[in-house]
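Structure assessment
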Amino acid sequence: MESSQPAGRTFSMVIATYYNADSLPFLFVELDKFEKKLLSLGLNLELIFVDDGSGDDSFARLVEFRKVRPGTKLVQLARNFGAVAAVKAGTKFVTGDCFMFFPADLQEPLDDVMRMVEQWLAGHKLVLAVRRSRGDPLMTRAFAALYRGDLELPETGCVVAALGAEGARQAPSVRRAFAHVAKDLLGRVERKLHPKRR
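No experiment lies behind these values; they were computed from the predicted model shown.

Conventions adopted
- Throughout this description, residue numbers start from 1 for each chain and increase along the sequence as written.
- In keeping with the model being predicted, local features are shown solely for residues with a pLDDT of at least 70 and side-chain atom pairs are shown and tallied solely at 80 or more, while totals for entire chains, interfaces and linings include all residues.
- For the side-chain quantities, the full set of heavy atoms in the structure was used; hydrogens and water were omitted.
- Axes, fitted as lines to C-alpha atoms, cover a helix only where it is in contact. Angles between the N-to-C directions of the axes lie from 0 to 180 degrees.
- Starting at the N terminus, helices and strands are each numbered in turn, a helix being any DSSP run of H or I of at least four residues and a strand any DSSP run of E of at least two.
- Here the word oblique covers every angle except those under 35 degrees (roughly parallel), over 145 (roughly antiparallel) and from 65 to 115 (roughly perpendicular).
- By convention, the crossing between two helices is left-handed when the near helix turns anticlockwise from the far helix through less than a right angle, and right-handed when the turn is clockwise.
- Throughout, a contact is declared for two residues whenever any of their heavy atoms are within 4.5 Å.
- Here's how the labels work: a residue is buried when its accessible area is under 20% of the maximum for its type, exposed when over 50%, partly exposed in between, all with a 1.4 Å probe on protein chains only.
- We define a nonpolar core as any set of buried Ala, Val, Leu, Ile, Met, Phe, Trp, Tyr and Cys residues linked to one another through side-chain atoms lying within 4.5 Å.
- Ring pairs shown here join Phe, Tyr and Trp side chains whose ring centres sit within 6.5 Å, with only the six-membered ring taken for Trp; geometry is labelled stacked below 30 degrees between planes, edge-to-face above 60, and tilted in between.
- A helix is expected to reach a length of 1.5 Å times the quantity of its residues less one.
- Two strands pair if DSSP finds at least two bridges between them.
- Throughout, right-handed denotes a crossover for which the path from the first strand over the helix to the second runs clockwise when the strands point away from the viewer.

**Considering the packing of helix α1 (residues 24–40) against helix α2 (residues 58–68)**
Close contact between α1 and α2 brings their axes to 10 Å; oriented N to C, the two are set at 30 degrees. By the angle class used here, α1 and α2 are roughly parallel. The crossing of α1 and α2 is right-handed. Each of Leu24, Pro25 and Phe28 in α1 lies in contact with α2, whose residues at this interface are Ser58, Arg61, Leu62 and Phe65.

**Here we look at the environment of Leu74**
Summarising the element assignment, Leu74 is placed in strand β3 (residues 73–76). Classification of Leu74 by relative accessible area gives buried; the value is 17%. Taking the C-alpha atoms as reference points, Leu74 and Val50, 24 residues apart in sequence, are found 6.1 Å from one another.

**Remarks on the nonpolar core**
Judged by nonpolar contacts, the single largest core of 26 residues is most densely connected at Phe11, Met13, Ile15, Leu27, Phe34, Phe49 and Val117. When contributions to this core are tallied by element, the ones reaching two or more residues are β1 (10–17), α1, β2 (44–51), α2, β4 (98–103) and α4 (110–121). For this core, the element with the most residues is α1, which contributes 6 residues. Sequence-distant contacts of Ile15, defined by excluding residues within four places in its chain, comprise Leu27, Leu31, Leu47, Ile48, Phe49, Val50, Phe102, Pro103 and Ala104. Among the nonpolar cores identified, the runner-up in size contains 12 residues, and Val14, Ala16, Leu77 and Phe99 belong to it.

**Considering the packing of aromatic side chains**
Throughout the structure, instances matching the rule amount to 7 aromatic pairs. Centroid distance Phe11 to Trp120: 6.2 Å. Interplanar angle 35 degrees. Geometry classified as tilted. In this pair, Phe11 is assigned in strand β1 and Trp120 in helix α4, connecting sequence segments 109 residues apart. Just as Phe11 is buried, Trp120 falls in that class too. With a centroid separation of 5.9 Å and 80 degrees between ring planes, the pair formed by Phe49 and Phe65 is classed as edge-to-face. With a gap of 16 residues between them, Phe49 in strand β2 and Phe65 in helix α2 connect regions that are remote in the sequence.

**Section: the environment of Leu77**
Among the structural elements, Leu77 can be located in the loop between β3 and α3 (83–91). Along the backbone, Leu77 and Gly53 are 24 residues apart, and their C-alpha atoms lie at a distance of 5.4 Å. Setting aside its immediate chain neighbours within four residues, Leu77 contacts Val50, Asp51, Asp52, Gly53, Ala86 and Ala89.

**What about α1?**
Taking 1.5 Å as the rise per residue, α1 with 17 residues should run 24 Å; its terminal C-alpha atoms sit 24 Å apart, in good agreement. Tucked into the core, α1 has its buried residues touching β1, β2, α2, β4 and α4. Gly42 occupies a position one or two residues after α1 and carries a positive phi of about 80 degrees.

**So, the pairing of β2**
The buried fraction of β2 is high, at 8 of 8 residues. Neither face of β2 is left uncovered, since the one carrying Asn44, Glu46, Ile48 and Val50 and the one carrying Leu45, Leu47, Phe49 and Asp51 both have all their residues buried. In this sheet, β2 lies alongside β1 in parallel orientation, the contact comprising 8 bridges. Bridging across to β2, Ser12 finds its partner in Glu46. You can see the chain leave β1, run along α1 and come back into β2, and the turn it takes is right-handed. Of the strand pairs in this sheet, β2 and β3 are connected by 4 bridges, and their pairing is parallel. Of the residues in β3, the one forming a bridge with Ile48 is Lys73.

Don't take any of this as a statement about function, it's just geometry.
So, in structure tokens, the structure goes:
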């Protein structure tokens with residue numbers, strides 16, 4: 001696991017966990033591979049985990065992960081507040097140049113995230129990953145909250161967001177809502193979801 005963040009641009013990921021103790025070890029392995037790819041591009045990875053009141057060993061797993069990857073940020077909520085509240089808590093700790101929300105259940109392939117990062121590196125300030133079928137609850141609700149103004153954007157130059165089908169239909173409105181971030185520089189990729197891990 002990489003632990004230091006040398007000078008350079010940083011990609012931040014806010015990852016909400018809720019009863020994900022069993023899937024987290026798999027996620028850590030995938031994040032390690034993802035971080036190595038980012039480093040090969042001269043990018044650092046900032047990881048911000050928010051445990052949304054899990055009643056299993058999720059937070060204990062996160063603490064163990066931080067021991068092998070110092071610099072990982074952990075937030076533990078007192079109880080379950082829901083995905084949007086968890087994401088909101090996590091965004092307060094974002095310090096990177098670009099950020100995204102990411103689910104802990106491994107539904108979102110990190111290969112797709114890398115494609116989104118490449119869009120950012122190509123100059124896009126708002127990158128949307130669109131799924132044609134039914135929307136993912138965390139991503140859809142979190143992005144809808146951003147659109148409504150319930151979530152305050154971190155002071156970063158880019159948002160990488162994953163949209164479900166409903167969010168995709170609202171993309172023009174979303175684009176206007178993020179005009180101060182996007183400045184009409186919109187990147188878009190299609191994504192496929194893996195089965196959830198719990």
